[in-house]
Amino acid sequence: HTQRQVFGLDQHMNISSRYQSTSHDPQQIEAMFPLPMDRMFHCDITDRTRLHRFVEENQIGIIIHLAAVLESDPDVEKISRVNIEGTKNVFEARLL
């Protein structure tokens, strides 16, 4: 049985309604996250250098990629940048 460390990366930690709280109590805020706060990191998958550095420094062996911009977003360039280039960056990061 192999134990794995789990990290979360999210570009929208400070603005996503999923992570917003009116509380200033760190324990209440931490309870909202799927992982402990020390395992959540702000990172944009379109930032190739930062993403690759994070994966390498933390010796990430398995990546589950769920980032996407929905087609309902009117910014076609943003959709392409995140969904195509960002995904390419994630795959390349795993190959380091």
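The structure we're discussing is the one just above.
Residues numbered from 1 in each chain as written. Predicted model: local features only at pLDDT ≥ 70, side-chain atom pairs only at ≥ 80, totals over all residues. Heavy atoms only, no water.

Considering the overall build of the protein
Each helix and strand in the protein was counted, giving three helices and two strands. Written out in order from the N terminus, the α and β elements of the protein read β-α-β-α-α. Per-residue burial for the protein yields a buried fraction of 25% across its 96 residues. Taking the contacts inside the protein whose residues are at least 6 apart along the sequence as the reference set, 59% of them involve residues at least 24 apart. (Helix = DSSP H or I, 4+ residues; strand = E, 2+ residues; numbered from the N terminus. Buried < 20%, exposed > 50% of the residue type's maximum accessible area, 1.4 Å probe, protein only. Contact = heavy atoms within 4.5 Å.)

A short note on unusual backbone geometry
The phi angle at Q59 is positive, at roughly 50°, despite the residue not being glycine. Note that Q59 resides in the loop between helix 2 (48–57) and helix 3 (76–94).

As for the side chain of H52
Assignment of secondary structure puts H52 in helix 2. For H52, a relative accessible area of 8% gives the class buried. Here the side chain of H52 touches A93 through a polar contact of 3.4 Å, landing on its backbone nitrogen. (Polar contact = N/O pair within 3.5 Å; in protein donor to acceptor, adjacent residues only side chain to side chain.)

Comments concerning the pattern of salt bridges
Under the counting rule described, the total for this entry stands at one salt bridge. Two residues, E92 and R48, come together in a salt bridge whose shortest N-O distance is 3.0 Å. Here E92 is found in helix 3, whereas its partner R48 is found in helix 2, with 44 residues between them in sequence. (Salt bridge = Lys/Arg side-chain N within 4 Å of Asp/Glu carboxyl O.)

Regarding helix 2
When we look at burial in helix 2, the residues that qualify are L51, H52, F54 and V55. Around the axis of helix 2, the buried residues are gathered within 160° of arc, so they sit on the same side. Structural note: helix 2 exposes T49, E56 and E57 on the side pointing more than 90 degrees away from its buried face. Q59 lies just past helix 2 and shows a positive phi near 50°. (Arc of directions from axis to C-beta.)

Quick notes on the nonpolar core
F7, C43, I45, L51, F54, V55, I60, V69, I79, V82, V90 and A93 form the largest nonpolar core, which has 12 residues in total. Broken down by secondary-structure element, the contributors of at least two residues to this core are helix 2 and helix 3. For this core, the leading source of residues is helix 3, giving four residues. Residues in contact with V55, not counting those within four places in the same chain, are I60, I63 and A93. (Core = buried A, V, L, I, M, F, W, Y, C linked by side-chain atoms within 4.5 Å.)

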